[in-house]
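Inside the fold
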Amino acid sequence: MYSGAAAAAAGPPRRDFISVTLGPEEAVGAGGYNNSKAWRRRSCWRKWKQLSRLQRSVILFLFAFLAVCGVISYTNMGEAWKSLTDTSLDDQRTEQEITGLKLANPVVLPAPQKADASRGDYPELSPQKLPKLPHVRRGPSNLQIKAPQRDTRLKTRHDTIRAAEEPVQADKEEKTEKSIISWRGAVIEPDQSTEPPSSKIKEPEKPSSVEAEDQKEPVPLNERQLAVIEAFRHAWRGYKDFAWGHDELKPLSKSYSEWFGLGLTLIDALDTMWILGLKEEFEDARKWVANDLVFDKNVDVNLFESTIRILGGLLSTYHLSGDSLFLEKAKDIGNRLMPAFKTPSKIPYSDVNIGRGTAHPPRWTSDSTVAEVTSIQLEFRELSRLTGDDKFQKAVDEVMKHVHTLSGKNDGLVPMFINTNSGQFTHLGVYTLGARADSYYEYLLKQWIQGGKKENELLEDYMRAIEGVKKHLLQKSEPKRLTFLGELAHGHFSAKMDHLVCFLPGTLALGVHNGLAADHMKLAEALIETCYQMYAQVETGLSPEIVHFNLRAQKGHKDVEVKPADRHNLLRPETVESLFYMYRFTGDKKYQDWGWEILQNFNKYTRVPTGGYTSINNVQNPSNPEPRDKMESFFLGETLKYMFLLFSDDIDLINLDKYVFNTEAHPLPIWVPA
Ligand code: DMJ
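Figured I'd write up the structure that's included with this text. (Residues numbered from 1 in each chain as written. Predicted model: local features only at pLDDT ≥ 70, side-chain atom pairs only at ≥ 80, totals over all residues. Heavy atoms only, no water.)

Moving on, we come to the overall build of the protein. Within the protein, the secondary structure is distributed over 21 helices and 18 strands. A buried classification covers 55% of the 674 residues belonging to the protein. Looking at the protein alone, contacts between residues at least 24 apart form 71% of all its contacts between residues at least 6 apart. As displayed, the protein has an accessible area near 30,300 Å², and 55% of this comes from carbon and sulfur atoms. (Helix = DSSP H or I, 4+ residues; strand = E, 2+ residues; numbered from the N terminus. Buried < 20%, exposed > 50% of the residue type's maximum accessible area, 1.4 Å probe, protein only. Contact = heavy atoms within 4.5 Å. Areas by Shrake-Rupley, 256 points an atom, 1.4 Å probe, with all protein chains shown as cover.)

Attention now moves to the site of the ligand. Every residue close to the ligand is listed here: Ile308, Arg309, Leu500, Arg572, Pro573, Glu574, Phe634, Glu638, Thr663 and Glu664. Take Arg572: an N or O atom from its side chain is 2.6 Å from an oxygen atom of the ligand. A distance of 2.6 Å separates an oxygen atom of the ligand from a polar side-chain atom of Glu664. Relative to its unbound accessible surface of 290 Å², the ligand loses 91% to contact with the protein. Of the residues in the shell around the ligand, the class split is four nonpolar, one polar and five charged. (Near = heavy atom within 4 Å. Polar contact = N/O pair within 3.5 Å; in protein donor to acceptor, adjacent residues only side chain to side chain. Nonpolar A, V, L, I, M, F, W, Y, C, P; charged D, E, K, R; others polar.)

The subject of this paragraph is the packing of aromatic side chains. As enumerated under the stated definition, the model contains 22 aromatic pairs in all. An angle of 20 degrees between the planes, with centres 6.0 Å apart, marks the rings of Phe232 and Trp236 as stacked. Here Phe232 and its partner Trp236 are both found in helix α7 (residues 223-242), four residues apart, which amounts to about one turn of the helix. For the pair Phe232 and Trp236, one class covers both residues: buried. A ring pair is formed by Trp236 and Tyr239, whose centres lie 5.3 Å apart and whose planes are at 35 degrees; its orientation type is tilted. Of this pair, Trp236 and Tyr239 both sit in helix α7, three residues apart, which is roughly one turn of that helix. A relative accessible area of 3% places Trp236 in the buried class. In this structure an aromatic cluster arises from ring pairing among Phe580, Tyr581, Phe585, Tyr642 and Phe661. (Phe/Tyr/Trp six-rings, centres within 6.5 Å; stacked < 30°, edge-to-face > 60°.)

Right, let's talk about a nonpolar patch on the surface for a bit. Taken together, the side chains of Leu54, Val58, Phe61, Leu62, Phe65 and Leu66 define a hydrophobic patch exposed on the protein surface, amounting to about 650 Å² of accessible area. Summarising the element assignment, Phe61 is placed in helix α3 (residues 53-89). Looking at Phe61, the relative accessible area reads 57%, which means it is exposed. (Patch = residues over 30% accessible without salt bridge, like charges linked within 9 Å, V, L, I, M, F, W, Y side chains within 5 Å. Salt bridge = Lys/Arg side-chain N within 4 Å of Asp/Glu carboxyl O.)

What follows deals with the sheet that holds strand β12 (residues 487-489). Strand order in this open sheet of three strands is β9-β12-β13, and the pairing throughout is antiparallel. Looking at the sheet topology across the chains shown, the edges are occupied by β9 (430-431) and β13 (492-494). The sheet contact formed by β9 and β12 spans two bridges and is antiparallel. Residue pairing for β12: Val430 is matched across the bridge by Ala489. Most of the contacts of helix α16 (residues 456-473) go to β12, to which it runs at about 75 degrees, and overall it touches β9, β12 and β13. (Pairing = 2+ DSSP bridges. Axes fitted to C-alpha atoms, helices over the stretch in contact; angles between N-to-C directions.)

One pass over the structure, following the stated rule, counts one disulfide. With its sulfur 2.1 Å from that of its partner, Cys502 forms a disulfide with Cys531. Between Cys502 and Cys531, the S-S torsion sits near -100 degrees, and that sign places the bridge as left-handed. Of the two residues, Cys502 sits in the loop between β14 (496-498) and α17 (504-513) while Cys531 sits in helix α18 (residues 519-536), which places them 29 residues apart along the sequence. Overall, Cys531 belongs to the buried group, its relative accessible area being 0%. (Disulfide = S-S within 2.5 Å.)

Strand order across the open sheet formed by three strands is β3-β4-β5, with antiparallel pairing between neighbours. Either end of the sheet is taken by a strand with one partner, and the two such strands are β3 (300-302) and β5 (358-360). Pairwise comparison of adjacent strand axes, ignoring direction, gives a mean angle of 30 degrees for this sheet. Pairing between strand β4 (residues 351-353) and β5: three bridges, direction antiparallel. Counterpart to Asp351 in the pairing with β5 is His360. In the packing of helix α10 (residues 303-321) onto the sheet, contacts are made with β3 and β4, and the angle to β3 comes to roughly 70 degrees.

Put into structure tokens, the structure is as follows:
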């Protein structure tokens, strides 16, 4: 509004001008408005004549340029239209296949982004050139012409296995061919359907399904992969014969042990069977899940263990198979685990009774383990995304946000315990990347990747922690100068390293693949060499649970020392897991060779002739490794899966730009950035 009084009071008004020069023809004169055709033509011509020679040439040039552009784009549109028409006429291609083509092409992740000031700037975070993969055999992903062949890769895998191992009769062939279509998943939804995290999740999402990757030629299995399949089948035979539907096989006593009474090994192994292409085994197991898996039981389960093994296993199997049975079961167990979060601090209790809906800490303390409360996030976040119910994600995100703010960290390194009442760290001053803290670090990076690399607090905490690792925990051993991670207890360094720490080289390499500091790769290379030496320097060629490194050179001493209480091997996966990542990202065959040695030693010292593999008590005694009579579920869920992937040259067999593995080796989709 303009007020004259106010303007006067304010003194002479500031004037802004726009000057418009009108020629006599343009002026609306006394004759009024004249828009006749003849007048307009005359007027244009006069105007053209009034222009300078230069102006006329520029205008003529512009017209010519626009005309050329018009011709070019017309030609392109014609081509595009033609190919579209051809596509729709192709009666071999179903609507789903066409959608699948679109789906499979874009890499889920964006190129690594440079961290800017608003995202918390780290000098280390500048995008790194991703290492070239010399072993990549896939063609360009952006295939626009060839329709994807559904089922081809796993179908071929079955064929290879069958050809190598079992002659099959003609009628059985026919039956198998028919069932291949159904076993690959009743519902194949080609939509990757991934979304960034949101506190208001509305639409339930669909499975990602490896189907989307099947458009390219299947890569045949090599001998080492066939050896893994043979090992898996041997382990599975023992489980099936003596422990079917129970938690863990006791292969020597030909019986089983129960932990939660939920068929732990069977659920943990589902996606491994899918990836290895073990159709019949998978179908048997699916039937058990459909008919016998019941969560309405008066039983206490550990929140972390049941999340990573059961919830994680069901979610990934749902994604790989597209079978909604697994999502239904995942929802059921997810809901039953939620009472764990009803604590004064919202830091969850360690134990939940899934039948009664009650939760509690262990009997002797009100503390929870830090790794446990911070390594359930990938699974609960994914459950929210799939169901459209944000309660799961809210609960676990709150834990991470809270831990982010806590004091008691040492350059990003966290203590091992946290109190469920106060929400504070307890037992301060002890820092390790081994038991009780390990997967906290792993999940910082993996949640950041899962969410599309946007959640900066997670990245900040991860980067800070790796700096803390370098500052406080890194040392070199004698005589071989192996780089290892020790522990810090109240300012005192201990040269003790758990085998569990061997997850770290793989995690570091994954970070570098996603654009983080290149020096993390150097550290990863040094650490994986050490983890391998934890096997190679021991009499059976199998790593003990814990080693101590020599800091001073002594005659006749190796780098690795083993204490009597630590010389067991539980068939753990961490070293093989890291070997897999290292091979994927570098293509260096030595990592495959190291994994092959380890597999052979598992076969030599832990294989039970009547079926199954067993943990052993003494890795230093090849003539009597002292079998413990237990096959952990993670041997099938993780160790053999990572072995199989390590020996594969197919980077699309669980593509690491599309999937992120939870800490129990269950692949979950990476959410597409908004
Ligand atoms: C598995 O349950 C998981 O890998 C977990 O993160 C650590 N312990 C075992 C395997 O060693």
